[in-house]
Structure formats: structure tokens, C-alpha cells
Amino acid sequence: MKALFLLRHARAENAVSGLSDLARELHERGREQAQAVGTFIKERHLKFDRVVASPAVRARQTSDLVRAAAGLSGSVSYDKRIYEAGPLRLLEVVSEFQNGVSAALLVGHNPGMEELLKLLTDRAEHMGTATLARIDLAGEWSEVGECEASLQWIVTPDEISRSST
């Protein structure tokens, strides 16, 4: 059984004329969201053998803040295919994970993250900023999209904040 965690980047600053979309940074609320998700991961003792993120600044910042708050070690790899990717491109990225990886975290953007979740699990779920979902796969990474996949849970930063108060 493989566990695929999908994380949509946290809330970003609005687009600014003259600034590329790739360079958009997290909003202060986004920083708080990412730290809340990291705390959630730490409290549940979740570990990832592989973390892959979009190279967009907001996705990089999200993965850095989440990993720091969760106390996770190890590196993040950045894959340009994740930026503006549809579900089939994301499926391609995931299918290349090595079989020794039992749990992986993919940090990306919408609508691709929602569409990948739907493609794998046949469940239409909204993934607002910093939403984290766990999908269990009954097969190898190379079989993703063909093997059985089930959504185990999905959590938003607001739900995390409410449960910790």
C-alpha cells in the first residue's frame, strides 16, 4: 500500500502587474495555513519518503514552512511539470516515484490537484489553499491511475485550527 498526500499551496499574494505568476509569494494568512498543516502532520506522526513540489515560489514556501513545522528532515525536489499541470501530467510525475517510496507528498496548484484527486478516487472534493488529502494506492507508483485508489481523508487549515482550539 502506497500513500499519496496531495497539498495545494497555501494562500498567495494577489497577482501584481509586472511580476510573474511563478514569483508570487505567500500571503501572511498563507504562512499561517502552511504552519498549521505542518503542525497537523507532526501531531499525526506522518512521514514522507519523497516530497515533490512545483517550482513556483508559493509552492516552495508552502513546502518549506510545512516541513519546518512538522519537523521533517530530507530534501524537496522541484519539478517544473507540476506548475500549471493537469491531472495527467501530475499522474506522470507520481508514476515516476521509486517503488521504495511508501509515502509521498506532492505540493501543487489547482485545478490540477482537485482533478488528480478526482481522477484517482472518483471523488470530487474542493481543495482550497493549503488543503491536504491522503490517498491510499493498492499498487506500485508505476501503476498509479490503474490501481485501486481511495481517499482516506481530506483536511483544510480551518478544520485544523478549529480542532486545535
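Overview of the structure.

1. Digging into helix H4 (residues 112-121)
Within H4 the residues assigned to the buried category are Gly112, Met113, Leu116, Leu117, Leu120 and Thr121. Viewed end-on, H4 has its buried residues packed into an arc of 140°, placing them on one side of the element. The inward-facing, buried residues of H4 abut strand S1 (2-8), helix H3 (87-95), strand S4 (103-108), strand S5 (132-137) and strand S6 (149-155). Immediately beyond the C-terminal end of H4, within one or two residues, lies aspartate 122, with a positive phi of roughly 60°.

2. Let's talk about the packing of aromatic side chains
Under the defined criterion, the tally for this structure stands at 4 aromatic pairs. Taken together, the ring pairs in this structure connect Phe5, Phe40, Phe48 and Trp153 into an aromatic cluster. A cation sits over an aromatic face here: arginine 60 above tyrosine 78, 3.8 Å from the ring centre.

3. Regarding the side chain of arginine 58
Turning to its location among the elements, arginine 58 is positioned in helix H2 (residues 57-70). For arginine 58, the side chain forms a polar contact with the side chain of histidine 9, separated by 3.3 Å. Contact partners of arginine 58, with chain neighbours within four places excluded, come to His9, Ala12, Asp21, Arg24, Glu25, Leu26, Tyr83 and His109.

4. Considerations on H3
Buried residues of H3: Leu90, Leu91, Val93 and Val94, and no others. Angular distribution of buried residues about the axis of H3 spans 160°; they occupy a single face of the element. Each element contacted by the buried residues of H3 is listed here: S1, strand S2 (50-53), S4 and H4.

5. Things to note about the environment of leucine 4
Topologically, leucine 4 is positioned in strand S1. For the pair leucine 4 and proline 55, spaced 51 residues apart in the sequence, the C-alpha separation amounts to 19 Å. Contact partners of leucine 4, with chain neighbours within four places excluded, come to Val94, Phe97, Ala104, Leu106, Leu120, Ala133, Arg134, Ile135, Leu137 and Trp141.

6. Examining the sheet that holds strand S3 (residues 77-78)
Taken together, 6 strands build an open sheet; the order of strands is S3-S2-S4-S1-S5-S6 and the sheet is mixed. Looking along the sheet, the strands with just one partner apiece sit at the ends: S3 and S6. In terms of strand pairing, S1 meets S5 through 6 bridges, oriented antiparallel. Bridging from a neighbouring strand, leucine 4 pairs with isoleucine 135 of S5.

7. Re the pattern of salt bridges
Side-chain pairs of opposite charge can arise where the charged atoms are in close proximity. Inspection of every chain in the model, using the stated rule, returns 15 salt bridges. For arginine 31, the salt bridge goes to glutamate 25, with nearest N and O atoms at 3.9 Å. One salt bridge in this structure joins glutamate 125 and arginine 123, with 2.8 Å as the shortest N-O distance.

8. Here's the deal with the packing of helix H1 (residues 28-43) against H2
Packing of H1 against H2 brings their axes to within 7 Å, and their N-to-C directions diverge by 40°. Of the possible angle classes, the one that applies to H1 and H2 is oblique. Remark: the crossing between H1 and H2 carries right-handed chirality. Contacts from Arg31, Ala34, Gln35, Val37, Gly38, Thr39, Ile41 and Lys42 of H1 reach H2 at Gln61, Thr62, Leu65, Val66, Ala69 and Ala70. Looking at side-chain class alone, the contact of H1 with H2 contains 7 nonpolar, 5 polar and 2 charged residues.

9. Some points on the pairing of S1
Of all 7 residues that make up S1, 7 are buried, and the element is covered over most of its length. Of the two faces of S1, the one holding Lys2, Leu4, Leu6 and Arg8 and the one holding Ala3, Phe5 and Leu7 are both buried throughout.

The rules behind the values
- Residues numbered from 1 in each chain as written.
- Predicted model: local features only at pLDDT ≥ 70, side-chain atom pairs only at ≥ 80, totals over all residues.
- Heavy atoms only, no water.
- Buried < 20%, exposed > 50% of the residue type's maximum accessible area, 1.4 Å probe, protein only.
- Helix = DSSP H or I, 4+ residues; strand = E, 2+ residues; numbered from the N terminus.
- Arc of directions from axis to C-beta.
- Contact = heavy atoms within 4.5 Å.
- Phe/Tyr/Trp six-rings, centres within 6.5 Å; stacked < 30°, edge-to-face > 60°.
- Lys NZ or Arg CZ within 6 Å of the ring centre and 35° of its normal.
- Polar contact = N/O pair within 3.5 Å; in protein donor to acceptor, adjacent residues only side chain to side chain.
- Pairing = 2+ DSSP bridges.
- Salt bridge = Lys/Arg side-chain N within 4 Å of Asp/Glu carboxyl O.
- Axes fitted to C-alpha atoms, helices over the stretch in contact; angles between N-to-C directions.
- Parallel < 35°, antiparallel > 145°, perpendicular 65-115°, else oblique.
- Left-handed = near helix turned anticlockwise from the far one by under 90°.
- Nonpolar A, V, L, I, M, F, W, Y, C, P; charged D, E, K, R; others polar.

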